[in-house]
Every structure is written in C-alpha cells, then in structure tokens.
Amino acid sequence: MPIDTSADPAKIRTMFDGIARSYDRLNSLMTAGLHHRWRDLAVLLAQVGAGGSALDVCCGTGDLAFALKQAVGPEGRVSGLDFSGAMLELAREKCGRNQLWVDFVQGDVLSLPFADGEFDACTVGFGLRNVADLEKALLEMGRVCRPGGRVVCLEITQPDIIGFKQFYGLWFDHAVPLLGRLASGDGDAYRYLPASVRRFPGPEALSLLMESVGLSNPRCEIVAGGIIAIHHAWT
C-alpha cells in the first residue's frame, strides 16, 4: 500500500507523538550514532558562541538545541520549538538529566511566536521535509534572526555515488521500516521517512529556494557519503 508523503500538519503531529518514545533509539540505530556528529557540524555552521542566542525549530527531543546550548554556554539563550507535545515532553526531561537548560515551546515553524531579529541563528535538523510550506518556513526562520545572523538546515538527501546509492535505497526502503516496526510498533512512520526524503528538494534546489526568500550566500555541505546535506546562509 502506498505511503502518504503529504506534509499534513495533523498527520505529522500524530505520527511524531506516536513514535516519540522510540525516536532517539531509532535515530542512533539508523545512523550508527553519527547523527550527533552531523548536529555538531550544524552548530559550527550556525556560528554561535558564548553568550549568543539560537532557536532550533522542529526540535523533536532536543538534541540539536542542546548542542547549541553547549556552544552558547551558561550566559547564552537557546529555545527549541516543535508542534509535537510528546517530543517536547521528552526534550524537557533531558534538561534535568544533562543540566543544559533550553526553553522548549510548542508551536508552528510557519508562524513562529518570536519577535523579528530575536536570535543570532535559527536551525532545523531533520525537520524541514515535514513542513507543508518550505518557503514560509524559511521566511520565518530568517525573520527571527538578527541582520547578519545564520539560518542552518540539516537534512537527509539522496546520494549520487554508484553503489552507495543502491545500498542507501535498500537500507531506507526495507531495513529502516523494519527497525521502526520492531522498535516502535509503527512501520508506516518509518516508511514515511524514505518517501519524504525522495519528495524533498535536492541540495541545489533548496539553495535556490533559500536565496529566493532573501537569505544571502546560501551554501551546502554534503557529508556522510552524500546522504546528509547541511545548508547554511546569512540573513
């Protein structure tokens, strides 16, 4: 049965609420733990330092927001926003465990509850492909950054390397849904993952979209054999 890849907000929220408790474990299984390294690279590209401020949208259970908090230190400010209440519940639990204090807010990236120019950087990790209106999301991310701030988008993409491309297809189309079904009981959520990657704009198209909404000098770093794209631009 074909999987629905539409980014319908109600469907996406229900899906992520349902897999929240298995989300971190499956991320580590699917990426062999490398997702933390990719998030660290996204933080470097956000160029936030001690005392700075950052917003992570579609923050899930908070891993990228916590990496940003480590970069800005005790005097800095980091907020994380997601529309899944179950994901945010887990993110808030992590605050106490890791002693990194992030302000987690429930909300929609298409209508961010923050003022213009409130942050030095705005990031999104593995969430942009779940947004119904990419242009509006990028506009909002740019709006809440100060002039000269940074917008960073970390996302899965499709590799072009012969051999690895075929392995990637087998892994994402067959192994990932099986892992999802075994770990969370929801194989459809993890069938949605590869399907959503296929319909998402490629690196060049996303760079052009970032430029079209007014972000300056968008660039893209391709890592992990071509399966991860990290876009970054100035506001």
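Residues numbered from 1 in each chain as written. Predicted model: local features only at pLDDT ≥ 70, side-chain atom pairs only at ≥ 80, totals over all residues. Heavy atoms only, no water.

*Asks:* Explain the packing of aromatic side chains to me, please; I cannot follow it from the model alone.
*Replies:* For any pair of aromatic rings, the description rests on two quantities: the centre-to-centre distance and the angle between the ring planes. Per the counting criterion, the structure on display carries four aromatic pairs. Residues W38 and F126 carry aromatic rings whose centres are separated by 6.5 Å and whose planes lie at 65° to one another, so their mutual orientation is edge-to-face. Pair noted here: W38 is in helix α2 (residues 35-46) and F126 is in the loop between β4 (119-125) and α5 (134-143), with a separation of 88 residues, a long-range link. There is no split in this pair, since W38 and F126 are both buried. Both rings, one in F66 and one in F104, keep their centres 5.5 Å apart while their planes meet at 70°; by these two values the pair is edge-to-face. Here F66 is found in helix α3 (residues 63-72), whereas its partner F104 is found in strand β3 (residues 103-106), with 38 residues between them in sequence. (Phe/Tyr/Trp six-rings, centres within 6.5 Å; stacked < 30°, edge-to-face > 60°. Helix = DSSP H or I, 4+ residues; strand = E, 2+ residues; numbered from the N terminus. Buried < 20%, exposed > 50% of the residue type's maximum accessible area, 1.4 Å probe, protein only.)

*Asks:* Help me understand the sheet that holds strand β1 (residues 53-57), please; the structure alone is not making it clear to me.
*Replies:* Sheet strands pair via backbone hydrogen bonds, and the direction of the pair is either parallel or antiparallel. Here seven strands make up an open sheet; going across it, the order is β3-β2-β1-β4-β5-β7-β6 and the pairing mixed. Sheet topology places β3 and β6 (216-223) at the edges, where each strand pairs with a single neighbour. In this sheet, adjacent strand axes meet at a mean angle of 15° when their direction is disregarded. As paired strands, strand β5 (residues 145-156) and strand β7 (residues 228-234) are joined by seven bridges and run antiparallel to one another. (Pairing = 2+ DSSP bridges. Axes fitted to C-alpha atoms, helices over the stretch in contact; angles between N-to-C directions.)

*Asks:* Teacher, can you tell me more about the nonpolar core here?
*Replies:* Note that soluble globular proteins tend to have their nonpolar side chains buried in a common cluster. By size, the foremost hydrophobic cluster in this structure holds 32 residues, and its most contacted members are L68, V78, F104, L154, I228 and I230. Broken down by secondary-structure element, the contributors of at least two residues to this core are α2, α3, α4 (85-98), β5, α7 (187-199) and β7. Ranked by the residues each element gives to this core, the list is headed by α3, at six residues. When neighbours within four sequence positions are excluded, I230 is seen to be in contact with W38, L41, A42, L45, V152, C153, L154, R219, C220 and E221. (Core = buried A, V, L, I, M, F, W, Y, C linked by side-chain atoms within 4.5 Å. Contact = heavy atoms within 4.5 Å.)

*Asks:* Hey, could you run me through the pattern of salt bridges in this one?
*Replies:* Should the charged atoms of two oppositely charged side chains come close, the side chains can pair. This structure, assessed with the given rule, holds nine salt bridges. Of the charged contacts in the structure, one is a salt bridge between D116 and R143, with a shortest N-O distance of 2.7 Å. With a gap of 27 residues between them, D116 in the loop between β3 and β4 and R143 in helix α5 connect regions that are remote in the sequence. We classify D116 as exposed; its relative accessible area is 57%. (Salt bridge = Lys/Arg side-chain N within 4 Å of Asp/Glu carboxyl O.)

*Asks:* It is not clear to me how the pairing of β7 should be interpreted in this structure. Could you clarify?
*Replies:* Side chains on a regular strand alternate between the two faces of the sheet. Counting buried positions along β7 gives six out of seven residues, so the element sits mostly inside the fold. Direction of pairing for β6 relative to β7: antiparallel, over a ladder of six bridges. Across the sheet, I222 pairs through a bridge with A229, a residue of β7. What sits between the antiparallel neighbours β6 and β7 is a turn of four residues, in which A224 has the positive phi angle 60°.

The values are spatial; any link to function lies outside them.
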